[in-house]
Amino acid sequence: MIRKFGEQQRFMLLLIAPAATLMVMFQVVPIVIGANASFRDWALNDPQKTWVGLKHYVAVLTDTEFLQVVLPNTFMFMALSVSLALAAGLGLAVLLNRSFRGQKLVQTVLLLPLMVAPVVAAIMLRWIFNDQFGIVNVILDQIGIEGPSWFTQRWSAFAIILLTDVWLWTPWFTLLLLAGLQSLAKEPFEAAAIDGTSRWRVFRYLTVPMLRPVIVVCVVIRSIDAFRTFDIVWTLTGGGPARSTELISQYAYVSAFLNLDFGRGSAAAIVAALIILVLGIVLYRFLDRVVQVSR
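Keep in mind it's a predicted model, so treat the numbers as computed, not measured. (Residues numbered from 1 in each chain as written. Predicted model: local features only at pLDDT ≥ 70, side-chain atom pairs only at ≥ 80, totals over all residues. Heavy atoms only, no water.)

A.B. asks: Could you clarify how one ought to interpret the overall build of the chain in this entry?
C.D. replies: Helix and strand content of the chain: 12 helices and 2 strands. The order of helices and strands in the chain, counted from the N terminus, is α-β-β-α-α-α-α-α-α-α-α-α-α-α. In terms of principal-axis extent, the alpha carbons of the chain reach across some 75 × 75 × 35 Å. For the chain, the residues scored as buried account for 37% of the 295 residues in total. Partitioning the intrachain contacts of the chain with sequence separation of at least 6 by distance along the chain shows that 68% fall at a separation of at least 24. Carbon and sulfur atoms make up 67% of the accessible area of the chain, which amounts to about 17700 Å² in all. Here the chain carries 23 positive and 17 negative side-chain charges, and the mean point of each set is 10 Å from the other. (Helix = DSSP H or I, 4+ residues; strand = E, 2+ residues; numbered from the N terminus. Buried < 20%, exposed > 50% of the residue type's maximum accessible area, 1.4 Å probe, protein only. Contact = heavy atoms within 4.5 Å. Areas by Shrake-Rupley, 256 points an atom, 1.4 Å probe, with all protein chains shown as cover. Lys, Arg positive; Asp, Glu negative; His and termini not counted. Charge placed at Lys NZ, Arg CZ, Asp CG, Glu CD.)

A.B. asks: Explanation requested: the packing of aromatic side chains in the structure shown.
C.D. replies: Aromatic ring pairs are defined here through the distance separating the ring centres and the angle between the ring planes. Counted by the stated rule, this structure contains 17 aromatic pairs. Ring centres of tyrosine 253 and phenylalanine 257 lie 5.5 Å apart, and the angle between their planes is 45 degrees; on these two criteria the pair is classed as tilted. Placement of both tyrosine 253 and phenylalanine 257 in helix α11 (residues 248-258) is noted, with a separation of 4 residues, approximately one turn of the helix. Note on tyrosine 253: relative accessible area 29%, which makes it partly exposed. Residues phenylalanine 257 and phenylalanine 262 carry aromatic rings whose centres are separated by 6.4 Å and whose planes lie at 50 degrees to one another, so their mutual orientation is tilted. According to the relative accessible area criterion, phenylalanine 262 is buried, its value standing at 18%. Positioned over the ring face of phenylalanine 151 is arginine 126, at 5.1 Å from the centre of the ring. (Phe/Tyr/Trp six-rings, centres within 6.5 Å; stacked < 30°, edge-to-face > 60°. Lys NZ or Arg CZ within 6 Å of the ring centre and 35° of its normal.)

A.B. asks: Please clarify how the pairing of strand β1 (residues 40-43) should be interpreted in this entry.
C.D. replies: Consecutive side chains along a regular strand alternate between the two faces of the sheet. Note that β1 and strand β2 (residues 46-51) share 3 bridges and pair antiparallel. Note that in β2 the partner of arginine 40 across the bridge is tryptophan 51. Between β1 and β2, which follow one another and run antiparallel, lie 2 residues. (Pairing = 2+ DSSP bridges.)

A.B. asks: Where do I start with helix α9 (residues 199-227) in this structure?
C.D. replies: Structural remark: α-helix, 3.6 residues per turn; residues separated by three or four positions point the same way. With 29 residues, α9 extends just 35 Å between its outermost C-alpha atoms, more than 12% less than the 42 Å of an ideal straight helix rising 1.5 Å per residue. Along α9, the sharpest kink reaches roughly 60 degrees, centred on arginine 212 and followed within four residues by the proline proline 213. (Expected span 1.5 Å × (residues − 1). Bend = angle between axes of the 7 residues up to and from the residue.)

A.B. asks: Honestly, the pattern of salt bridges in this entry has me stumped. Any pointers?
C.D. replies: When charged atoms on two side chains of opposite charge get close, those side chains can pair. Counted under the stated rule, the structure contains 5 salt bridges. A salt bridge links arginine 243 to glutamate 246; the shortest N-O distance between them is 2.7 Å. Classification of glutamate 246 as buried rests on a relative accessible area of 2%. One connected set of salt bridges, linked through shared partners, spans Asp165, Arg222, Asp225 and Arg228. (Salt bridge = Lys/Arg side-chain N within 4 Å of Asp/Glu carboxyl O.)

A.B. asks: Please explain the environment of valine 208 as it appears in this structure.
C.D. replies: You can see valine 208 is positioned in helix α9. For the pair valine 208 and leucine 181, spaced 27 residues apart in sequence, the C-alpha separation works out to 9.5 Å.

A.B. asks: Help me understand the nonpolar core in this model?
C.D. replies: One broad trend across soluble globular proteins is that nonpolar side chains are buried collectively. Residues Phe66, Phe173, Leu177 and Leu236 are the most contacted members of the largest nonpolar core, which totals 56 residues. Listing elements by their share of this core, those giving two or more residues are α2 (55-61), α3 (64-96), α5 (118-128), α7 (154-182), α9, α10 (231-236), α11 and α12 (262-291). (Core = buried A, V, L, I, M, F, W, Y, C linked by side-chain atoms within 4.5 Å.)

A.B. asks: Help me understand the side chain of threonine 229, please; the structure alone is not making it clear to me.
C.D. replies: With respect to the secondary-structure elements, threonine 229 resides in the loop between α9 and α10. What makes threonine 229 buried here is its relative accessible area of 7%. There is a polar contact of 2.9 Å between the side chain of threonine 229 and the backbone oxygen of alanine 226. Beyond its immediate chain neighbours, meaning those up to four positions away, threonine 229 contacts Phe77, Asp165, Leu247, Ser249 and Gln250. (Polar contact = N/O pair within 3.5 Å; in protein donor to acceptor, adjacent residues only side chain to side chain.)

A.B. asks: Can you help me understand unusual backbone geometry in this one?
C.D. replies: Only a minority of non-glycine residues have a phi that is not negative, and only a minority of peptide bonds are not trans. The omega angle of the peptide bond from glycine 240 to proline 241 is 0 degrees, so this bond is cis rather than trans. When you line up the elements, proline 241 lands in the loop between α10 and α11. Even without a glycine there, the phi angle at lysine 49 is positive, about 60 degrees. The residue lysine 49 is located in strand β2 in this model.

A.B. asks: Quick question: what am I supposed to make of the environment of tryptophan 172 here?
C.D. replies: Residue position: tryptophan 172 is located in helix α7. Sequence-distant contacts of tryptophan 172, that is, excluding residues within four places in its chain, are made with Leu114, Cys218, Ile221 and Arg222.

A.B. asks: Any chance you could explain the side chain of serine 81 here in plain terms?
C.D. replies: Along the chain, the position of serine 81 falls in helix α3. Within polar-contact distance, the side chain of serine 81 engages the side chain of aspartate 165 at 2.3 Å. Those residues in contact with serine 81, other than ones at most four positions away along the chain, are Leu162, Asp165, Val166 and Arg222.

And the structure:
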């Protein structure tokens, strides 16, 4: 087969062969194994591997915990995380797009969260909101307010998870949107300044419309990534209290490696992958139509 290609094509194939081999070994092969396991009775403590068809998929899709807690949590987390990080990132990008003394220092400080591993950030926030000696409760006690037990209540625990994720990903939005702002044509903004247009009208009718292609790409990529979030939630709450903050990635992990049901865990992972695939396509087409990127 390779002989049919020219010398240049064979050389290119040899260059990409190591990367392609690693991708097949560590991405394609595990996906195939997981898909195969999702159709079998594959308990890790007694792997009979008996073919059971769609039994695990039916179990996942009829599980009230999955339908009433896990999926709503996942979609809510995705929507709030992306929206808040986008709004904060856009605001910071607009501020950093102006020249001022110490601009480079401020940019460096704002981008520091990008250098922090998500697990490390989650551990930091877990200590900060510790109900016994966390700094937040210490400050609340100093002003006469009794600090709550943050991780024993669903919505306070969910809010801390959201805060951690937004803090980590706001610099990512800032960096990309700032690059987009600096690439915009200057003439429309100069014309608006001559006409005496207010800053808000310039932002609403010039900046945002011209920045829409970048915003769409950022939202789609980040939404897909937020949907599969695992490390922050697992480190902060483990899905608790009482699985009330569990996302779809934790659901698959618990099924496979805590309940030792690799078949059901694989089915949950495949369901999550299909949802992400459909979500990505629908989200991109919807945003493309709304913001008219293709025009």
